[in-house]
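Architecture at a glance
Chain by chain, the residues run as shown.
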Amino acid sequence: VDDRFTIAQAVAIKDGRIVAVGKTADVRKRADKDTKVIDLKGKTVIPGLIDNHAHFVRVAEKWHWEMRLDTITSRKQVVKMIADRVKAAKPGEWIVALGGWSEDQFTDDPRGFPLAELDQLAPENPVALQAVYRQTYLNSAAMAAMKIDEKTPDPRGGKSEKDAGGKPTGLVSGPGGVAFVAAKVPLAEKQQWLDNARGVATNLNSMGLTTWMDAGGRGMSDAHYEPYKQLADSGQLTIRAFWTVIRQPNTPEQVDKVVAEIPSLKPFQGTDYFNNVGYGESVYGPVSTALLRKSGNTKPEDIAQWGRIVEALAKHGIYDNAHVEMENSIDAYLTLYEELNKKHPIKGLRWSFSHLDQVTAPQLERMKRLGMSAQIHSRPLIQGVLMHRVHGDRAWDMPPMRLVQDSGIHWGLGSDATAVTPSNPFYTLWFAVTGKMVGGHKVNRQTITREEALIAHTRNNASIVFQESNLGSIQNGKYADLL
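About the cut-offs
Residues numbered from 1 in each chain as written. Predicted model: local features only at pLDDT ≥ 70, side-chain atom pairs only at ≥ 80, totals over all residues. Heavy atoms only, no water. Helix = DSSP H or I, 4+ residues; strand = E, 2+ residues; numbered from the N terminus. Buried < 20%, exposed > 50% of the residue type's maximum accessible area, 1.4 Å probe, protein only. Contact = heavy atoms within 4.5 Å. Salt bridge = Lys/Arg side-chain N within 4 Å of Asp/Glu carboxyl O. Axes fitted to C-alpha atoms, helices over the stretch in contact; angles between N-to-C directions. Parallel < 35°, antiparallel > 145°, perpendicular 65-115°, else oblique. Left-handed = near helix turned anticlockwise from the far one by under 90°. Nonpolar A, V, L, I, M, F, W, Y, C, P; charged D, E, K, R; others polar. Polar contact = N/O pair within 3.5 Å; in protein donor to acceptor, adjacent residues only side chain to side chain. Patch = residues over 30% accessible without salt bridge, like charges linked within 9 Å, V, L, I, M, F, W, Y side chains within 5 Å. Areas by Shrake-Rupley, 256 points an atom, 1.4 Å probe, with all protein chains shown as cover. Pairing = 2+ DSSP bridges. Phe/Tyr/Trp six-rings, centres within 6.5 Å; stacked < 30°, edge-to-face > 60°. Lys NZ or Arg CZ within 6 Å of the ring centre and 35° of its normal.

Time to look at the overall build of the protein chain. Broken down by element type, the protein chain carries 17 helices and 15 strands. Counting only C-alpha atoms, the protein chain reaches 75 × 55 × 45 Å along its principal axes. Residues counted as buried form 55% of the 483 residues belonging to the protein chain. At a minimum sequence separation of 6, the contacts of the protein chain that also span at least 24 residues come to 74%.

Right under this line is the structure:
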């Protein structure tokens, strides 16, 4: 996956770096009596896949409880998975699926999991099944552990559904409700958290990921990053984790604190296995957009608060990645950036937008003039049907991968996993090429070729994580991150 998309026969590796690529006969000349030779018998080797925007650091906090439903297309199979987990679990142990799936991916029975069914499956184990960020299905054991009953008020930004008699049905809906439930699932203890981080890395390796850019998440603290740093420092981390600071202020007073903190941020002080590279995600809460909302908030007073943060970042030369989906918000963000660029040039800082589901051709041109990159994600893999219900025909072009590819902007593919899409990069590649969601529904017509998709998930993403000299293609001098 070099700039000519060369296909070679063999590769030689020494001390973790590629030292030769070419014909088998030529590369074999490098071998000596101590060289390990692996004959793949014609199988394909590609560079390790890079996810430019995911939330894998956070998932380690509860990984030991997780039962991932990513890519499962049968509801009947999920029921069996729950039953099997209950058999293996001790009474009181949690069984959770914190996103990565939606009801629409089930081809046999596209619906959720009512209280009576979960109670029958798991009478003594708390069960929490979170569908994307929309709703969570709980059993009675989970509600008891979380102290959710008829007197419990609705969480902010969410709703605890109740039956005609006022008793909770086990369904908690809305982004605030989902967050409320997830926060109640117990965190790992320190050693368990370290083991979880190791397990997350191994799981990602098994799907072909060797590097990702982490966007943080709600409730993140230094404790979330420490296990990964510990593994990296001891040479045990089997995946490269680059990350952006996340703060998510929601009021002008919280913005004051973030602006005061920015001068003390010092990215790029880590290693090629674990490093902070800047700041990002939802820069200011009130202007953040959501995939299943038709438009974003562009009130001048709120955009101004967001502008205070990005001005501080530009002033101190810090990379920024901003989460934005809707066309009107992308326009407002770009207008702010263009004005900011006159005062503090940002072109050399590689700023980027994530998601960009409704980006237009003129907006992509404006991004190019600012030296920005585009990070496009495979969330329709499980939200495609929901997107069509909300956005109608426009959903066919969300995200507009073909438009982005043809615009000439630097761009890469990622997932935004783990809550809102599956983690497996091969499903992201499949979606980019077919436009289909898990379960087979065709939901996107902006497809690209296999070659374009592979470049976007490897070489293009290498520069997005500031590692283009080390990663993204099988070339001399680069790390031997291979799949």
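Applying the stated criterion across every chain, the model contains 28 salt bridges. Among the salt bridges present, the one from Arg68 reaches Asp70, with a minimum N-O distance of 3.0 Å. Residue class for Asp70 comes out buried when judged on its relative accessible area of 14%. Taking the shortest distance from any N to any O, the salt bridge between Arg247 and Glu261 comes out at 2.7 Å. Taken together, the residues Arg247 in the loop between strand E10 (240–245) and helix H9 (252–261) and Glu261 in helix H9 connect sequence positions 14 residues apart. For Glu261, a relative accessible area of 23% gives the class partly exposed. Among the charged side chains, a network of salt bridges with common partners joins Glu325, Asp357, Arg379 and Asp416.

This part takes up the packing of helix H10 (residues 300–315) against helix H11 (residues 327–343). Between H10 and H11, whose axes approach to 10 Å, the crossing angle comes to 40 degrees. If you check the angle between H10 and H11, you find them oblique. With respect to the hand of their crossing, H10 and H11 are arranged in right-handed fashion. Taking contact as the criterion, the partners of Ile303, Trp306, Gly307, Val310, Glu311 and Ala314 in H10 are, on H11, Ala332, Tyr333, Leu336, Tyr337, Leu340 and Lys343. A class-by-class count of the residues in the contact of H10 with H11 yields nine nonpolar, one polar and two charged.

Locating Asn250 in the fold gives a position in the loop between E10 and H9. C-alpha separation for the pair Asn250 and Thr169, spaced 81 residues apart in sequence, amounts to 31 Å. Excluding residues that lie within four positions of it along the chain, Asn250 makes contacts with Tyr284, Gly285 and Pro286. In terms of polar contacts, Asn250 uses its side chain to reach the backbone carbonyl oxygen of Gln248, at 3.5 Å.

Following the sequence through the fold, Asn424 ends up in the loop between strand E15 (411–414) and helix H15 (425–434). Residue classification places Asn424 among the buried residues on the basis of a relative accessible area of 17%. Within the structure, the side chain of Asn424 is placed 2.8 Å from the backbone nitrogen of Phe426, a separation counted as a polar contact.

A separate point is a nonpolar patch on the surface. On the surface, a cluster of nonpolar side chains totalling about 250 Å² of accessible area is made up of Ile38, Leu40 and Val45. Among the structural elements, Val45 can be located in the loop between helix H1 (24–28) and strand E3 (49–54).

A few words now on the sheet that holds E10. The eight strands lie next to each other as E3-E9-E10-E11-E12-E13-E14-E15, forming an open sheet whose pairing is parallel. Looking at which strands have only one partner, the edges of the open sheet turn out to be E3 and E15. Mean inter-strand twist for the sheet, computed between neighbouring axes without regard to direction, equals 25 degrees.

Think of a pair of aromatic rings as described by two things: how far the centres are apart, and how the planes are tilted against each other in angle. Counted according to the given criterion, the structure contains 17 aromatic pairs. Here the aromatic rings of Tyr319 and Phe466 are separated by 5.2 Å at their centres, their planes lie at 85 degrees, and the arrangement is edge-to-face. A residue pair is termed long-range when its members are at least 10 positions apart, and Tyr319 in the loop between H10 and strand E12 (320–324) and Phe466 in the segment after helix H17 (459–464) qualify at 147 residues. A ring pair is formed by Tyr337 and Trp351, whose centres lie 5.1 Å apart and whose planes are at 65 degrees; its orientation type is edge-to-face. Here the residue Tyr337 occupies a position in helix H11, and Trp351 occupies one in the loop between H11 and strand E13 (352–355), the gap between them amounting to 14 residues. There is no split in this pair, since Tyr337 and Trp351 are both buried. By way of ring pairs, the aromatic residues Trp306, Tyr333, Tyr337, Trp351 and Phe353 are connected into one cluster. Directly above the aromatic system of Tyr273 lies the positively charged group of Arg240, at a separation of 4.3 Å from the ring centroid. Lying across the ring of Tyr479, Arg240 places its NZ or CZ 4.0 Å from the centre.

What follows concerns the sheet that holds strand E4 (residues 95–98). Strand order in this open sheet of five strands is E4-E5-E6-E8-E7, and the pairing throughout is mixed. Two strands lie at the open edges of the sheet, namely E4 and strand E7 (159–162), each paired on one side alone. Strand-to-strand, the axes of this sheet are offset by a mean angle of 20 degrees, without reference to chain direction. Relative to strand E8 (residues 168–173), E7 runs antiparallel, the two sharing three bridges. In the strand pairing of E8, Lys162 is matched with Pro168. With respect to the sheet, helix H6 (residues 175–184) is in contact with strand E5 (127–131), strand E6 (135–138) and E8, its orientation differing from that of E6 by roughly 45 degrees.

Another point: the packing of H9 against H10. In the contact formed by H9 and H10, the axes pass within 10 Å of each other and the chain directions differ by 0 degrees. Viewed along their axes, H9 and H10 adopt a mutual orientation that is roughly parallel. Counted together, Pro252, Val255, Asp256, Val258 and Val259 of H9 and Gln305, Arg308, Ile309 and Ala312 of H10 form the full contact between these two elements. Tallied by class, residues from the contact of H9 with H10 come to six nonpolar, one polar and two charged.

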